[in-house]
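For reference, the chains in residue letters:
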Amino acid sequence: AHAVMSSVEDLFSRAVSLIEADPPQHEQILSILNEILVLAPDDGDALKAKIVSLIQLQKYDQALELTTTKPILKDCVFERAYCLYRLNRNPEAIEILGKSAKSKEDERFAQLRAQVLYRLGLYADSAEVYSRVDDDAADPAELAVNRAAALCAAGEADKAAQMLKAAAAMLTATPDMLHNLACAHIERGDLEAALAALDDAERLFSEQAQEEGLTAEEVEDGQIVYAVQRGYVRQRLGQAEAALGEYESALRRRPTDAEVAAVASNNLFALRGREQSLFDSAKKARALNLEEGVESKLTVHQRRGFALNRCLLALYTNNTKECARSLTKLEREFEGSELPTLVRAALLARERRMEECRALLQAHAAEHPKTAALVKMTLAQLQVNDGDR
């Protein structure tokens, strides 16, 4: 027993030295912790350290399993909720956070709760939780950026802009802070101010990147997010060619951020749509099929845009099977909206199933008489086409 204890202590010493390294060597740490757990399977310190290493290595499934199978880890509520969040199991995460007694005294719980609420599309609730997080418990600049994002998504762009301007006056402005200020200006419709904020954000990012010793390739990659957002502003301003140039340039540079690449592809398709060749459209289709991890980071508005464009692209390229598959997600994202009905009607029309098409439109119009303007117009157009005036 003494030999085992001595061996465990030696292994812990090796693990601590790797933890204190810059950066910590989590693969090696995990290997040593596994050696410790062979000798002492229920060592609480080793098990908790293993959870941290698994999370750092993005092995969230394994970390979650550990928190649920070892009774000694029953108090690792935050880690369990965090793993669920990273695995996009947000309803489970919010339930655990709500039940935990620690959630009222540990600021980490509040920050995670705000992030989960944001992922669930509960933006106003997320912003409210962020407003209650103590500045001393988090990076104030990051807190301002996250709260502003939630406020913008909740339709409170004026409030977000005011808060970010106040934060920039009190703190040192960051590229993320200026980027989110640009987003607030976009939501408010102040597009020229948005362009100015994006230019400031990109300039500050480039200056800081140079100071931090980033390579030219890393700097260029980091600048792509500003180009894509600038393209969107140009698109909103009606400057289609300038917007196209920003999107195409961004995609040619092959951004490492999958979310940025996806948004650029989606916006490019929305701008050019059916103008492109079927070959280009097929390439765009691949870009619009997002991995779950990427899609979960998008706002509800963005997810809806992707779902709609996937359906439209499949429809334009006569890929009726893919269109039918994509409609399932579209109906989930636009529950109660007339858009999925219109796409399904178009799909039926493509297949020359006109009686079913009319029946679908008439049923939607009868069920949603106050919000079916486009459906009613489509029905009217079908009657005109049939000569039923």
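What counts as what
- Residues numbered from 1 in each chain as written.
- Predicted model: local features only at pLDDT ≥ 70, side-chain atom pairs only at ≥ 80, totals over all residues.
- Heavy atoms only, no water.
- Helix = DSSP H or I, 4+ residues; strand = E, 2+ residues; numbered from the N terminus.
- Expected span 1.5 Å × (residues − 1).
- Buried < 20%, exposed > 50% of the residue type's maximum accessible area, 1.4 Å probe, protein only.
- Arc of directions from axis to C-beta.
- Contact = heavy atoms within 4.5 Å.
- Phe/Tyr/Trp six-rings, centres within 6.5 Å; stacked < 30°, edge-to-face > 60°.
- Lys NZ or Arg CZ within 6 Å of the ring centre and 35° of its normal.
- Salt bridge = Lys/Arg side-chain N within 4 Å of Asp/Glu carboxyl O.
- Axes fitted to C-alpha atoms, helices over the stretch in contact; angles between N-to-C directions.
- Parallel < 35°, antiparallel > 145°, perpendicular 65-115°, else oblique.
- Left-handed = near helix turned anticlockwise from the far one by under 90°.
- Polar contact = N/O pair within 3.5 Å; in protein donor to acceptor, adjacent residues only side chain to side chain.
- Core = buried A, V, L, I, M, F, W, Y, C linked by side-chain atoms within 4.5 Å.
- Nonpolar A, V, L, I, M, F, W, Y, C, P; charged D, E, K, R; others polar.

Once that is clear, we can look at helix H2 (residues 26-39). Think of an α-helix as turning once every 3.6 residues; residues three or four places apart then point the same way. For H2, which comprises 14 residues, the first-to-last C-alpha distance of 20 Å matches the rise-based estimate of 20 Å (1.5 Å per residue) to within 8%. Looking at H2, one finds that the buried residues are His26, Ile29, Leu30, Ile32, Leu33, Ile36 and Leu37. Projected onto a plane normal to the axis of H2, the buried residues spread over an arc of 165 degrees and lie on a single side.

For helix H6 (residues 90-99), the set of buried residues is Asn90, Ala93, Ile94 and Leu97. All buried residues of H6 fall inside an arc of 95 degrees around its axis, so they share one side. Within H6, the exposed residues directed more than 90 degrees away from the buried face are Pro91 and Lys99. Buried residues along H6 sit against helix H5 (77-86) and helix H7 (107-119).

Once that is clear, we can look at the packing of aromatic side chains. Scanning the model with the defined rule gives six aromatic pairs in all. Aromatic pair Phe205 and Tyr226: ring centres 6.0 Å apart, planes at 50 degrees, arrangement tilted. Linking Phe205 in helix H12 (residues 191-211) with Tyr226 in helix H13 (residues 216-236), this pair joins segments that are 21 residues apart in sequence. The same class applies to Phe205 and to Tyr226, which are both buried. One aromatic cluster is present, built from ring pairs that chain together Tyr60, Phe78, Tyr82, Tyr85 and Phe109. Lying over the aromatic face of Phe78, Arg108 brings its terminal NZ or CZ to 4.1 Å of the ring centre.

This part takes up unusual backbone geometry. Of note, the phi angle at Gln58 is positive, near 60 degrees, even though the residue is not glycine. Mapped onto the elements, Gln58 comes out in the loop between helix H3 (44-56) and helix H4 (60-69). Taking relative accessible area as the criterion, Gln58 reaches 57% and is therefore assigned exposed. With phi around 65 degrees, Asn88 is a residue other than glycine that occupies positive phi space. By the element assignment, Asn88 lies in the loop between H5 and H6.

Under the defined criterion, the tally for this structure stands at 15 salt bridges. Between Glu246 and Arg230 there is a salt bridge, with its nearest N and O atoms 3.3 Å apart. Of this pair, Glu246 sits in helix H14 (residues 240-252) while Arg230 sits in helix H13; the two residues are 16 residues apart in sequence, bridging distant segments of the chain. The exposure class assigned to Arg230 is buried, which follows from its relative accessible area of 10%.

It is at 8 Å that the axes of helix H9 (residues 140-153) and helix H10 (residues 157-170) come closest, and there the two elements cross at 165 degrees. Classified by the interaxial angle, the pair formed by H9 and H10 is roughly antiparallel. The crossing of H9 and H10 is left-handed. Only Ala157, Lys159, Ala160, Met163, Leu164 and Ala167 of H10 make contact with H9, whose side of the interface consists of Ala144, Val145, Arg147, Ala148, Leu151 and Cys152.

As for its placement among the helices and strands, Ala197 is situated in helix H12. Residues Ala197 and Thr317, spaced 120 residues apart in sequence, show a C-alpha to C-alpha distance of 39 Å.

This part covers the side chain of Glu333. Within the secondary structure, Glu333 sits in helix H19 (residues 320-333). A distance of 3.3 Å separates a polar atom in the side chain of Glu333 from a polar atom in the side chain of Arg303. Every residue in contact with Glu333, bar those within four places of it in the chain, is listed here: Arg303, Arg304 and Ala307.

The biggest cluster of nonpolar side chains holds 43 residues, and the ones touching the most others in it are Ile36, Ile55, Tyr82, Leu112 and Val116. Of all the secondary-structure elements, those providing two or more residues to this core are helix H1 (2-19), H2, H3, H4, H5, H6, H7 and helix H8 (123-131). The element that contributes the greatest number of residues to this core is H5, accounting for seven residues. Counting 16 residues, the second largest nonpolar core, distinct from the first, contains Ala144, Ala161, Leu164 and Met177.

This brings us to the packing of H13 against H14. The geometry of H13 relative to H14 is characterised by a closest axis approach of 8 Å and an angle of 155 degrees between their N-to-C directions. Taken together, the axes of H13 and H14 are roughly antiparallel relative to one another. Both H13 and H14 take part in a crossing whose hand is left-handed. On the side of H13, the interface is formed by Ile224, Ala227, Val228, Arg230, Gly231, Tyr232, Arg234 and Gln235, while H14 contributes Ala242, Ala243, Glu246, Tyr247 and Ala250. A per-class count over the contact of H13 with H14 returns eight nonpolar, two polar and three charged.

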